[in-house]
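Examining the three-dimensional arrangement
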Amino acid sequence: MRSETAARLGAVLVAALVLWPGGLAAQERTTELREAFELERRGRYEVAARRYEAILDRNPANLSALLGLERVLPPIGQLDSILPYIDSALALQPEHGSVRSLQLRVLASVDRPERLEEAARDWIAATPLSVEPYREWAVALEKIGDLAGARRVLDEGAQRIGGASLSQDMAQMAALDGDWVAAAVHWQQAVRENPALLTASVTSLVRAPESSHESVVGLLTDDRNDPLSGRMAADLLVSWAEPAEGWRLLERSLPENAQEAAPLLRRFADRASLVRTPEGARARGRALERLARLSVGSAAQRARIDAASAYADAGDRDGVERMLEQIAAGEGAGRGSRAAAVAALIAVTAEAGRVEEAEARLREWGDRLTVDDAASLRRQVAWGWIREGELDRAEGVLGDDSTVTVLAVRGWIALFRGDLRGSTQYFRSAGPRSGSREEVTRRTGVLALVQSVAPDSAPELGQALLLLERGDSTAALAALDGAAADLPPQGGRASVLTYAGRLAFSLGEYERAATVLLAAIAADPQSASAPTAGYHLARTYEKLGRTEQALNRLEALILEYPESAVVPLARRMLERLRGAVPGR
Amino acid sequence: MRRRRFVEIMGGAVAGAALGTRPLSGSGGATWLFIPMDESQTNHLKAYGVTYRALQRGGMAEWLLNYRSGSFLFPLDAETQRDAALQGVTALQLTDAGVVDLRGTIAANNMDAVPLEKAPEVAVYVPPNIAPWDDAVRMALEYAGIEYERVWDAEVVAGQLDDYDWLHLHHEDFTGQYSKFYLTYSGTPWLTEMVQRNQRMARTLGFASVPDLKKAVARGIRAYVDQGGFLFAMCTATETLEIALAAEGVDVAARYADGTPMDPDASRKLRWDHTLAFEGVRLEQSPMTATFSDIDGHQVNNGPKRQPLGAFKLFNFAAKIDPVPTMLVQSHRSIISDYYGLTTSFMRDRLKPGVTVLADEEGAPWVKYIHGEYGSGTWTFFGGHDPEDPQHKIGDPPTDLSLHPNSPGYRLILNNVLFPAAKKRELKT
């Protein structure tokens, strides 16, 4: 009787040691563990192993020490020596899932298939309604490459426990096996059982190779009355860069409840933003537009703004305007956000070529916009008139504004009129920092061209550049040719021909580009534009498939103009043509 | 057999005599072309290509070990000058008087001038398909403009390596386990193709399995070194070549590779007297873990054992006494940031006695860059995958070397390419 009581007391003490974190003994164990971790971190596995074993000798159920032992024994080839410690831990806590799982991992690693099965069956017997033993057994088998065995175990578990409790594991196993249709079937079951697994299912199935996409989507969309599968298919399609089809599926499978639909729309929009195509942007816009309809107040306004931005990326002007009008009229839209929406609407209208309308709206709203917004819109409307060829109206919109950004616009207007001296003065006054970096680069480029032209006035050149600004590149090319012919060979002809050659290249007229660029070099081989023309000539030859000529041209350029700024570009192209660097 | 023996050199004399015999154009002006390899060089990597092509045209060159970080000297000729200009390589003209000064500096310091006499024939062991990772050596060769040929299993088994002076191995898994990506990347087209191609090759050459084929290939490579070849290996090729050589008659491959599981006692049965560099190695038993053994110090794909990257330091050797390791470590930087590979580094306690360590990480139990002799040839192992992409992942785009023309890590690779071009000198007694 005394001994029975002592044994019970012993068991209680062991349990207390395991569970009670306080006290001196616990602190010592923490220190010991920390030391063992440190030894392990420093790669002293042998010593670390002995330290973990000492902890376990005193406290067999110390899980941290057991797991530490599992990490340090393999490098010293002694993994099987952990098994007695696991047995001792299980004698105290036979249902401890982590220790059971550890036992299966170790038995799999030391290649003891019979003991592995025996241990797994023990665990199943101890917790007959749990899926954990089957799951961990399958994982252990999978880790040693026995995928067929892992599948068998999961099948057995599914049959015994029933339901879709192991569907997720079976899906992952099928995916590992490369059987993506089976994976989709299992995921479908798992998601039906637990809709919260929708994201996990998509994360897994999205890795399916392209050859399986059609069959996976076919399976998921087979039943039109299964909205969950429809949502899975929608997410997969947008992740596989088929956003339009994905949106079609999502739209028809959306739940009616706004609170349930909103996160689905938000997630779809996020995924669509990764598809960097107009289609992706449009699908994102649609999802956000729908989200805005389901939302109220500032959340709805935010969704509309995002949708407008997505439609703008998609080049869908109707979508942008629709959103901006809704923002402007939006419930709860403050004066500020309404003005911002109107400003955006004016910009979009001007960009679309409806300049008259944009100007009228600007007149109506001008005094309610911020000073900066109004100035920016005046410039945009002015550019709208320039693109219409209405230089006087453009100047009229600018009024008496003498800010540097407006001086830059005046420089362009002067240039398009052929007043090279005037445009140079305006551009210089505007300085190198007014406007966006892109505008400054463009202005600097054209200033270099203008400065190489000797006459102060060249209306034909101005007209040619205006045609280019208005998007009539073909007419501009012919006009540049004509303008160049009127200029002295060393007084701008070479530069204008180089400019024309580059334009012909960008239009894909390579034969013409080659002729014009050769003429540019011949006009003035000593000019600063000659190496630039040579570089673009090499690019043209490449497009024409005359690689040898391109190589010769590049070599000549590097050797004849070693100080030119285009030499690094030429050298890089030379490397690419010779296959020395990856192609872009 | 176009290969030449090299290694037993330990001369102190500079190579002026060899160059002095070459007729030079003009006597008043510059007669030499000097390519500095210190920080003033605009494109270190292409400088090796300029040197290689000069040798290929039948010209002569000298490699000035430790002089301005391993510079090159040529008799002035228009072709080399043109080549350097086209490649953007900094090259200076020197007069005879300037070269006399230069030789004086070399004679008085820990420097040496090694004549380079012939462009080595280069082979790269690479499968015909395109794997979703890059090969640093092929990129370096292509960027520098050094010609090479591709060889694979059939050529090695047929004994065709004798046609080459220098052989490079990179990411190949000579244990025949497809870099142990088989389970993780199951179903990906590139892996499927890799497996099918290897299995087809094994069948064609009459081997029972891919691991058997790769072991035979490893033996072929060892024989090549034994007969005087120069072997340079990086990344996984280093570790798996050694395991394959040690595993004669031992199953070290997982079930998916050859139909039978790995011998649980494989580590004990390995024969390290058959290998070049390592000994006493323990293998990784799990087929799920993309790591092979405890040779690698960093264990990049092995969860808790993965070690962070540091920097490795090149050793400074006595140029006149140890010209070979001196050549291999020529660089304008002595400390270089480390980079991962499936095999990143080599544990010091796994090296055989006699292995020369060329670079290590101070305070760490691993080394980065090692060299040794085997039979009549030499081998050099360099850990890691891509010196300019520290965490190269499967599917990442290849490194664009035009963005790294001064890469000290890539220089080490190109040192190895030029090393077999060095002229043999008699042992100084």
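Predicted, not measured: the structure shown is a model, and the values here were computed from it. (Residues numbered from 1 in each chain as written. Chains lettered and ligands numbered in written order. Predicted model: local features only at pLDDT ≥ 70, side-chain atom pairs only at ≥ 80, totals over all residues. Heavy atoms only, no water.)

So, the overall build of chain A
For chain A, the helix and strand inventory stands at 33 helices and zero strands. Looking at the 584 residues of chain A, the share that counts as buried comes to 48%. Contacts in chain A between residues at least 24 apart in sequence constitute 50% of all its contacts with a sequence separation of at least 6. Carbon and sulfur atoms provide 50% of the accessible area of chain A, an area that totals close to 28300 Å². (Helix = DSSP H or I, 4+ residues; strand = E, 2+ residues; numbered from the N terminus. Buried < 20%, exposed > 50% of the residue type's maximum accessible area, 1.4 Å probe, protein only. Contact = heavy atoms within 4.5 Å. Areas by Shrake-Rupley, 256 points an atom, 1.4 Å probe, with all protein chains shown as cover.)

Description of the interface of chain B and chain A
On the chain A side, the residues contacting the 23 residues of chain B number 27 residues. Summed over both partners, the interface of chain B with chain A buries about 2200 Å², with 53% contributed by carbon and sulfur atoms. Glu575 of chain A is paired through a salt bridge with Lys46 of chain B; the nearest N and O atoms lie 3.4 Å apart. Taken together, chain B and chain A are joined by six residue pairs in polar contact (both at pLDDT 80 or more). Contributions of two or more residues to the side of chain B that touches chain A are made by helix 3 (78-87) and helix 5 (136-144) of chain B. Of all the elements, helix 3 of chain B adds the most residues to the side of chain B that touches chain A, at four residues. Of the residues belonging to the side of chain B that touches chain A, the class tally is nine nonpolar, seven polar and seven charged. (Buried area = accessible area lost by both parts, 1.4 Å probe. Salt bridge = Lys/Arg side-chain N within 4 Å of Asp/Glu carboxyl O. Polar contact = N/O pair within 3.5 Å; in protein donor to acceptor, adjacent residues only side chain to side chain. Nonpolar A, V, L, I, M, F, W, Y, C, P; charged D, E, K, R; others polar.)

Remarks on the packing of aromatic side chains
Given two aromatic rings, their pairing is described by the distance between the two centres and the angle made by the two planes. All names here are of chain B. On inspection of all chains with the given rule, the structure shows 21 aromatic pairs over all chains. Ring geometry for Phe34 versus Tyr67: centroids 5.9 Å apart, planes at 75°, classification edge-to-face. Of the two residues, Phe34 sits in strand 1 (residues 32-35) while Tyr67 sits in the loop between strand 2 (61-65) and strand 3 (71-75), which places them 33 residues apart along the sequence. Each member of the pair Phe34 and Tyr67 is classed as buried. Each ring, one from Phe315 and one from Phe317, has its centre 6.4 Å from the other, and the planes form 40°; the classification is tilted. On the basis of relative accessibility, which here comes to 31%, the residue Phe315 falls in the partly exposed class. Looking at Phe317, the relative accessible area reads 13%, which means it is buried. Sitting over the face of the ring of Phe292, Lys180 holds its NZ or CZ atom 5.7 Å from the ring centroid. (Phe/Tyr/Trp six-rings, centres within 6.5 Å; stacked < 30°, edge-to-face > 60°. Lys NZ or Arg CZ within 6 Å of the ring centre and 35° of its normal.)

Observations concerning the environment of Leu141 of chain B
All names here are of chain B. The topology assignment puts Leu141 in helix 5. Residue classification places Leu141 among the buried residues on the basis of a relative accessible area of 0%. Distance from Leu141 to Leu45, taken between C-alpha atoms, is 9.1 Å for residues 96 residues apart in sequence. What Leu141 contacts, discounting residues up to four positions off in sequence, is Val122, Val124, Ile146, Tyr148 and Val417.

Topic: the packing of helix 22 (residues 371-387) of chain A against helix 23 (residues 391-398) of chain A
Residues and elements named next belong to chain A. At a closest axis distance of 7 Å, the pairing of helix 22 and helix 23 adopts a crossing angle of 175°. Looking at the two axes, helix 22 sits roughly antiparallel to helix 23. Residue-level inspection shows Arg378, Arg379, Val381, Ala382, Trp385 and Ile386 of helix 22 in contact with helix 23, the latter providing Leu391, Arg393, Ala394, Val397 and Leu398. The class makeup of the residues in the contact of helix 22 with helix 23 is eight nonpolar, no polar and three charged. (Axes fitted to C-alpha atoms, helices over the stretch in contact; angles between N-to-C directions. Parallel < 35°, antiparallel > 145°, perpendicular 65-115°, else oblique.)

Notes on unusual backbone geometry
Excluding glycine, most residues fall at negative phi; most peptide bonds, likewise, are trans. Residues and elements named next belong to chain B. Located in the positive-phi region is Ser69, a residue other than glycine, with phi close to 65°. By the secondary structure assignment, Ser69 is in the loop between strand 2 and strand 3. Not every positive phi belongs to a glycine, and Tyr178 is a case in point at roughly 55°. By the element assignment, Tyr178 lies in the loop between strand 8 (166-169) and helix 7 (189-204).

Thoughts on the sheet that holds strand 1 of chain B
Residue and element names in this part refer to chain B. The antiparallel open sheet is built from five strands, whose spatial order is 4-1-3-2-5. Edge strands, defined here as strands with exactly one partner in the open sheet, are strand 4 (92-94) and strand 5 (112-116). When strand polarity is set aside, the average angle formed by the axes of neighbouring strands in this sheet is 30°. In the sheet, strand 1 pairs with strand 4 via three bridges, with the strands oriented antiparallel. Along strand 4, the bridge assignment pairs Phe34 with Leu92. Lying on the sheet, helix 2 (residues 44-56) is in contact with strand 1, strand 2, strand 3 and strand 5; it crosses strand 3 at an angle near 35°. (Pairing = 2+ DSSP bridges.)

Concerning the environment of Arg200 of chain B
Tracing the backbone shows Arg200 of chain B in helix 7. Taking relative accessible area as the criterion, Arg200 of chain B reaches 42% and is therefore assigned partly exposed.

Let's talk about empty space enclosed by the protein
By the definition in use, this model includes one cavity of 30 Å³ or more. Of the residues that constitute the lining of the largest cavity, the class distribution is five nonpolar, two polar and two charged. (1 Å grid on protein atoms, 1.4 Å probe; cavity = no way out; pocket = protein on both sides within 12 Å on 5 of 7 lines; lining within 4 Å. Points joined across faces, edges and corners; volume = space filled by probe spheres on them.)

Things to note about helix 32 (residues 547-560) of chain A
Between its first and last C-alpha atoms helix 32 of chain A spans 20 Å; for 14 residues at 1.5 Å apiece the expected length is 20 Å, and the two agree. Among the residues making up helix 32 of chain A, those that are buried are Ala550, Leu551, Leu554, Glu555, Leu557 and Ile558 of chain A. The buried side chains of helix 32 of chain A occupy one side of the element, clustering within an arc of 160° when seen end-on. Summarising the geometry of helix 32 of chain A, the exposed residues directed more than 90 degrees from the buried face are Glu548 and Glu560 of chain A. Those residues of helix 32 of chain A that are buried are in contact with helix 31 (529-543) and helix 33 (567-577) of chain A together with helix 3 of chain B. (Expected span 1.5 Å × (residues − 1). Arc of directions from axis to C-beta.)

Some details on the pairing of strand 2 of chain B
Residue and element names in this part refer to chain B. Summarising burial for strand 2: five of the five residues are buried, a large majority. Burial along strand 2 is two-sided: Ala61, Trp63 and Leu65 and Glu62 and Leu64, pointing in opposite directions, are all buried. In terms of strand pairing, strand 2 meets strand 5 through five bridges, oriented antiparallel. Opposite Leu65, over in strand 5, you have Asp112 as the bridge partner. As defined by bridge partners, strand 2 adjoins strand 3 across three bridges and the pair is classed as antiparallel. Counted as the bridge partner of Leu64 is Ser71 from strand 3.

A closer look at the packing of helix 3 (residues 45-58) of chain A against helix 4 (residues 63-72) of chain A
Residues and elements named next belong to chain A. Running from amino to carboxyl end, helix 3 crosses helix 4 at an angle of 155°, the nearest separation of the two axes being 9 Å. One element, helix 3, and the other, helix 4, form an angle in the roughly antiparallel class. For the pair helix 3 and helix 4, the crossing hand works out as left-handed. When helix 3 is examined against helix 4, the residues Tyr45, Ala48, Ala49, Tyr52, Glu53, Ile55 and Leu56 are found in contact with a partner set consisting of Ala65, Leu66, Gly68, Leu69, Arg71 and Val72. Its residues placed into classes, the contact of helix 3 with helix 4 shows 10 nonpolar, one polar and two charged. (Left-handed = near helix turned anticlockwise from the far one by under 90°.)

With respect to the nonpolar core
Formed by 130 residues in total, the largest nonpolar core has its most connected members in Ile386 and Leu461 of chain A. Among the elements that take part in this core, helix 20 (residues 335-351) of chain A stands out by supplying nine residues, more than any other. Among residues more than four places away in sequence, those in contact with Leu461 of chain A are Leu420, Val453, Leu480, Ala483 and Val496 of chain A. Grouped together as the second largest cluster of nonpolar side chains are 127 residues, Leu33, Val156, Leu191 and Trp272 of chain B included. (Core = buried A, V, L, I, M, F, W, Y, C linked by side-chain atoms within 4.5 Å.)

Some thoughts on helix 2 of chain B
Residue and element names in this part refer to chain B. Over its 13 residues, helix 2 runs 19 Å from end to end, which matches the ideal 18 Å to within 8%, given 1.5 Å per residue. Counted residue by residue, helix 2 has 12 buried out of 13 residues, so it is predominantly covered. The positive-phi residue at the C-terminal boundary of helix 2 is Gly58, with phi of around 95°.

Re the side chain of Arg103 of chain B
By secondary structure assignment, the location of Arg103 of chain B is in helix 4 (residues 96-108). A polar contact is formed between the side chain of Arg103 of chain B and the side chain of Glu62 of chain B, at a distance of 2.8 Å.

Concerning the side chain of His536 of chain A
Looking at the element boundaries, His536 of chain A is found in helix 31. Once you skip the residues sitting within four places of it in the chain, His536 of chain A turns out to touch Arg502 and Leu517 of chain A.

Some details on the confidence of the model for chain A
Summary statistics for chain A give a mean pLDDT of 86 and a share of 93% for residues scoring 70 or more. Between the elements of chain A, mean pLDDT differs from a low of 34, seen in helix 1 (residues 2-19) of chain A, to a high of 96, seen in helix 31 of chain A. (pLDDT = per-residue confidence, 0-100.)

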